[in-house]
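Spelled out, the chains give:
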Amino acid sequence: AIMSHHTDDELNPAKVFVGGIPWNTTLETLKAVFSKYGQVVDAVIMRERDTGKSRGFGFVTFADSVATDAVMQDNDKGLLELDGRIVEAKRAVPRGMSQPALPKTKKVFVGGLPHGITEGRRQEG
């Protein structure tokens, strides 16, 4: 219960970025799919400000970061599905921050980085 008073959700380990969301997916569907991994405390699908059309990505915040680990495992297997389409989940990282080191999981998917960046670090320890 130590974590419960912290309000800085910028560094919330229980927050997941979801990409590749079909345009017809509703917030209800998003919540329903991800609630099987744990209690969803917040979910949002990003929309165009003018048209209200889905931008194809959003965020899900769980009550517990353990749920995030479960999501990542299914994501690695390609089992995350919304309305018949495989979506991609990543741990949400605050803008301008590099991926935090997470001791619990060895493998964290980071999109768009050249392979050379992590190669040198992997041998340490």
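About the cut-offs
Residues numbered from 1 in each chain as written. Predicted model: local features only at pLDDT ≥ 70, side-chain atom pairs only at ≥ 80, totals over all residues. Heavy atoms only, no water. Helix = DSSP H or I, 4+ residues; strand = E, 2+ residues; numbered from the N terminus. Buried < 20%, exposed > 50% of the residue type's maximum accessible area, 1.4 Å probe, protein only. Lys, Arg positive; Asp, Glu negative; His and termini not counted. Salt bridge = Lys/Arg side-chain N within 4 Å of Asp/Glu carboxyl O. Contact = heavy atoms within 4.5 Å. Pairing = 2+ DSSP bridges. Axes fitted to C-alpha atoms, helices over the stretch in contact; angles between N-to-C directions. Phe/Tyr/Trp six-rings, centres within 6.5 Å; stacked < 30°, edge-to-face > 60°. Lys NZ or Arg CZ within 6 Å of the ring centre and 35° of its normal.

**Re the side chain of Asp74**
At step 1: By secondary structure assignment, the location of Asp74 is in helix 2 (residues 65-77).
At step 2: One buried charged residue, Asp74, forms no salt bridge at all, with the nearest opposite charge on Lys77 at 4.2 Å.
At step 3: Residues within four places of Asp74 in sequence aside, it is in contact with Tyr37, Leu79 and Leu80.

**Here's the deal with the pattern of salt bridges**
At step 1: Per the counting criterion, the structure on display carries one salt bridge.
At step 2: The salt bridge partner of Asp69 is Arg91, with a shortest N-O separation of 2.9 Å. One end of the pair, Asp69, is in helix 2; the other, Arg91, is in strand 6 (residues 88-91), and 22 residues separate them in sequence.

**Thoughts on the sheet that holds strand 3 (residues 54-62)**
At step 1: Read across the sheet, four strands follow the order 2-3-1-6 without closing on themselves; strand pairing throughout is antiparallel. Each end of this open sheet is capped by a strand with a single partner; those strands are strand 2 (40-47) and strand 6. The average undirected angle you get between the axes of adjacent strands in this sheet is 20°.
At step 2: On the sheet, helix 1 (residues 27-34) packs against strand 1 (15-19), strand 2 and strand 3 and is oriented at approximately 140° with respect to strand 2.
At step 3: Packed on one face of the sheet, helix 2 meets strand 1, strand 3 and strand 6 and runs near 140° to strand 6.

**A look at the packing of aromatic side chains**
At step 1: Counted by the stated rule, this structure contains four aromatic pairs.
At step 2: Centre to centre, the rings of Phe34 and Phe62 are 6.4 Å apart; their planes meet at 50°, and the pair counts as tilted. Here Phe34, found in helix 1, pairs with Phe62, found in strand 3; they are 28 residues apart in sequence, far enough to count as distant. The residues Phe34 and Phe62 share a single accessibility class, namely buried.
At step 3: Ring pairs connect the aromatic residues Phe17, Phe57 and Phe59, which therefore count as one cluster.
At step 4: The ring centre of Phe59 lies 5.0 Å from the NZ or CZ of Lys15, which sits over that ring.
At step 5: Above the plane of the ring of Trp23 lies Lys53, whose end atom (NZ or CZ) is 4.2 Å from the centre.

**Digging into unusual backbone geometry**
At step 1: Of note, the phi angle at Asp83 is positive, near 50°, even though the residue is not glycine.
At step 2: Structurally, the position occupied by Asp83 is in the loop between strand 4 (81-82) and strand 5 (85-86).

Nothing here speaks to function; it is geometry throughout.
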